[in-house]
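Read off the chains here:
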Amino acid sequence: QVQLVESGGGLVQAGGSLRLSCTFSGRTGRTFSKYAMGWFRQAPGKEREFVAAISWSGGSTGYALSVKGRFTVSRDNAKNTVFLRMNSLKPEDTAVYYCAADPTGVVTTTLDYDYWGQGTQVTVSS
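Residues numbered from 1 in each chain as written. Predicted model: local features only at pLDDT ≥ 70, side-chain atom pairs only at ≥ 80, totals over all residues. Heavy atoms only, no water.

Visitor: Explain the pairing of strand β11 (residues 120-125) here, please?
Guide: Within a regular beta strand, the side chains point alternately toward one face of the sheet and then the other, so they alternate between its two faces. What you see with β11 is a clean split: Thr-120, Val-122 and Val-124 sit on the buried side and Gln-121, Thr-123 and Ser-125 on the side with no burial. Relative to β11, strand β2 (residues 10-13) runs parallel, the two sharing four bridges. Across the sheet, the residue bridging to Gly-10 is Val-122, located in β11. Where strand β9 (residues 95-102) lies against β11, three bridges are found, and the strand directions are antiparallel. Across the sheet, the residue bridging to Ala-95 is Val-122, located in β11. (Buried < 20%, exposed > 50% of the residue type's maximum accessible area, 1.4 Å probe, protein only. Helix = DSSP H or I, 4+ residues; strand = E, 2+ residues; numbered from the N terminus. Pairing = 2+ DSSP bridges.)

Visitor: How should the state of the cysteines be read in this particular structure?
Guide: Defined simply, a disulfide is a covalent bond joining two cysteines at their sulfur atoms. In total, this model carries one disulfide according to the counting rule given. Two residues share a disulfide in this structure: Cys-22 and Cys-99, whose sulfurs sit 1.9 Å from each other. Disulfide Cys-22-Cys-99: torsion about the S-S bond near 50 degrees, hence right-handed. Remark: Cys-99 occurs in strand β9 and Cys-22 occurs in strand β3 (residues 18-26); sequence separation between them is 77 residues. (Disulfide = S-S within 2.5 Å.)

Visitor: So what exactly am I meant to see when it comes to the side chain of Arg-41 here?
Guide: Secondary-structure assignment places Arg-41 in strand β4 (residues 36-42). Here Asp-93 takes part through its side chain, which lies 2.8 Å from a polar atom of the side chain of Arg-41. Here Tyr-97 takes part through its side chain, which lies 2.9 Å from a polar atom of the side chain of Arg-41. Other than its neighbours up to four places away in sequence, Arg-41 contacts Glu-47, Arg-48, Glu-49, Val-51, Ser-66, Val-67, Phe-71, Glu-92, Asp-93, Ala-95, Val-96 and Tyr-97. (Polar contact = N/O pair within 3.5 Å; in protein donor to acceptor, adjacent residues only side chain to side chain. Contact = heavy atoms within 4.5 Å.)

Visitor: Which parts of the structure should I look at to understand the pattern of salt bridges?
Guide: Where side chains of opposite charge bring their charged atoms close, a pairing between them can arise. Tallied over the entire structure, the rule returns three salt bridges. We note a salt bridge from Glu-49 to Arg-41, for which the minimum N-O separation is 2.7 Å. What makes Arg-41 buried here is its relative accessible area of 5%. Between Arg-70 and Asp-93 there is a salt bridge, with its nearest N and O atoms 2.8 Å apart. Of this pair, Arg-70 sits in the loop between β6 (61-63) and β7 (71-76) while Asp-93 sits in the loop between β8 (81-86) and β9, and the two are 23 residues apart along the sequence. In this pair, the class of Arg-70 matches that of Asp-93, namely buried. Residues joined by salt bridges that share partners form a network here, namely Arg-41, Glu-49, Arg-70 and Asp-93. (Salt bridge = Lys/Arg side-chain N within 4 Å of Asp/Glu carboxyl O.)

Rendered as structure tokens:
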């Protein structure tokens, strides 16, 4: 099994920044460095949507148009951790943010990930 735990959410004013973290743990044979990692978010009353993703090596990244230029996804394979740096936050960024793991290892922008964390709340005030 793979377990993912997000952290770093909170309340921030519009224009501010937050950095989310997601730690990965798994059984022998499930190695973090082989998984692509994605970030998704879900606002109240709305469907879960793609935010950003990073390939197993960190060599490829992808971003939703709504966050491109403001958010940066990165990973530290030595620490089994993926990050999402969020700058210039807007009220419409308010959502529960989830990390997800994909054993294909490639950037995927759909919800087709095998493992999901429980989420961390990000609230951006006007």
